[in-house]
Amino acid sequence: VDDPFFDYPQVAYCQGDADPIATNIATAGGTFSGPTQVVFLNTSTGLIDLDASTVGGPYAIKYVTTGPCPDSTTFNITINPIENPSFGYGASSYCTNGADPSPSFITEPGGSFSEITGDLNVNGSGTINVSSSTPGTYWVVYTTGGPCPEIDSVQVTINGVDDPFFDYPQVAYCQGDADPIATNI
């Protein structure tokens, strides 16, 4: 009896991954098949077109040997969707004395937020603590939390509060004095 053993490098793939090919085929020359949701680029090697296949599973991939004593076996794979990491804030800039903004939309919730330099105080849910952030322009990064993580980033500017300080040379003037001009603006 032919040995129909084969496998794939993984049991789960993302639609955007490189197309997998069957490995460790014990008896070459057989034919691969599967449900209609799985599209093969080559039924002799088991090469699967992930982009053309339907998300779901597990799908039973079958291999049948063609020797004088044929046999068959299956290997299950799952195809996961490409995730959408899109998100955004209500504005592109905020002041350090303003309200802490949270994302106005997240296409696929459940992921995590971060910032590259560490000078922007953003928590894991995307809320920016403007009062404890250093003024500047930053990239907020969102990574989806599913089996096929994707990344998106949005640029945010934190503006420092203007210093309104000024004074006059004196605190009291007479009506006939020279007109005073504000100083230390």
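Scroll up for the structure.
Residues numbered from 1 in each chain as written. Predicted model: local features only at pLDDT ≥ 70, side-chain atom pairs only at ≥ 80, totals over all residues. Heavy atoms only, no water.

**Q** I would appreciate a short explanation of the sheet that holds strand β8 (residues 93-95) in the present structure.
**A** In a beta sheet, neighbouring strands pair by backbone hydrogen bonds and run either parallel or antiparallel. Strands sit in the order β8-β12-β11-β10 across an open sheet of four strands; the sheet is mixed. Each edge of the sheet is formed by a strand with only one pairing partner; in this case those strands are β8 and β10 (112-115). Averaged over all pairs of adjacent strands, the angle between their axes in this sheet comes to 30 degrees, without regard to strand direction. Where β10 meets strand β11 (residues 136-143), four bridges bridge the pair, whose relative direction is antiparallel. Within β11, the position partnered with serine 114 by the bridge is valine 141. (Pairing = 2+ DSSP bridges. Helix = DSSP H or I, 4+ residues; strand = E, 2+ residues; numbered from the N terminus. Axes fitted to C-alpha atoms, helices over the stretch in contact; angles between N-to-C directions.)

**Q** When you look at the pairing of β11 in this model, what are you seeing that I'm missing?
**A** The side chains of a regular strand alternate between both faces of the sheet. Looking at chain direction, β11 and strand β12 (residues 151-159) are connected through eight bridges and run antiparallel. Bridging from a neighbouring strand, valine 141 pairs with serine 153 of β12.

**Q** Explain the pairing of strand β6 (residues 72-80) here, please?
**A** Taken together, the three bridges between strand β1 (residues 12-14) and β6 define a ladder with parallel strand orientation. By the bridge assignment, tyrosine 13 is partnered in β6 with isoleucine 79. Of the pairings in the sheet, the one linking strand β5 (residues 56-64) to β6 comprises seven bridges and is antiparallel in character. Paired with valine 64 across the two strands is serine 72, which belongs to β6.

**Q** Would you explain the packing of aromatic side chains in this entry?
**A** The description of an aromatic ring pair rests on the distance of the ring centres and on the angle between the ring planes. Under the criterion given, the structure shown has 10 aromatic pairs. A ring pair is formed by phenylalanine 6 and phenylalanine 75, whose centres lie 6.2 Å apart and whose planes are at 55 degrees; its orientation type is tilted. One end of the pair, phenylalanine 6, is in the segment before β1; the other, phenylalanine 75, is in strand β6, and 69 residues separate them in sequence. Across the pair, phenylalanine 75 and phenylalanine 6 agree in class, each one buried. A ring pair is formed by phenylalanine 87 and tyrosine 89, whose centres lie 6.1 Å apart and whose planes are at 80 degrees; its orientation type is edge-to-face. Judged on exposure class, the residue phenylalanine 87 and its partner tyrosine 89 are both buried. Among the aromatic side chains, those forming a connected cluster through ring pairs are Phe6, Tyr8, Phe32, Tyr63 and Phe75. (Phe/Tyr/Trp six-rings, centres within 6.5 Å; stacked < 30°, edge-to-face > 60°. Buried < 20%, exposed > 50% of the residue type's maximum accessible area, 1.4 Å probe, protein only.)

**Q** Explanation requested: the environment of serine 44 in the structure shown.
**A** Tracing the backbone shows serine 44 in the loop between β3 (40-42) and β4 (47-48). Separated by 13 residues in sequence, serine 44 and threonine 31 place their C-alpha atoms 5.1 Å apart. When sequence neighbours within four positions are dropped, the list of residues in contact with serine 44 reads Gly30 and Phe32. (Contact = heavy atoms within 4.5 Å.)

**Q** What's the story with the nonpolar core in this structure? I'm lost.
**A** The nonpolar side chains of a soluble globular protein tend to be buried, and buried together. Phe6, Tyr8, Phe32, Phe40, Ile48, Ile61 and Ile77 are the most contacted members of the largest nonpolar core, which totals 15 residues. Of all the secondary-structure elements, those providing two or more residues to this core are β5 and β6. The residues contacting phenylalanine 6, other than those within four sequence positions of it, are Ala22, Thr23, Asn24, Ile25, Phe32, Ile61, Tyr63, Thr73, Thr74 and Phe75. The next biggest cluster of nonpolar side chains, apart from the first, holds 14 residues, and it includes Tyr94, Val122, Tyr138 and Val156. (Core = buried A, V, L, I, M, F, W, Y, C linked by side-chain atoms within 4.5 Å.)

**Q** So what exactly am I meant to see when it comes to unusual backbone geometry here?
**A** For residues that are not glycine, phi is negative in most cases, and the peptide bond is trans in most cases. The omega angle of the peptide bond from glycine 57 to proline 58 is 10 degrees, so this bond is cis rather than trans. When you line up the elements, proline 58 lands in strand β5. Backbone geometry at asparagine 24 places phi at a positive 50 degrees, although glycine is not the residue there. Position of asparagine 24 among the secondary structure elements: in the loop between β1 and β2 (31-33).

**Q** Would you mind going over the state of the cysteines with me for this structure?
**A** By the definition in use, this model includes one disulfide. Paired by a disulfide, cysteine 14 and cysteine 148 hold their sulfur atoms 1.9 Å apart. Between cysteine 14 and cysteine 148, the S-S torsion sits near -100 degrees, and that sign places the bridge as left-handed. You can see cysteine 14 sitting in strand β1 and its partner cysteine 148 sitting in the loop between β11 and β12, a full 134 residues away along the chain. For the pair cysteine 14 and cysteine 148, one class covers both residues: buried. (Disulfide = S-S within 2.5 Å.)

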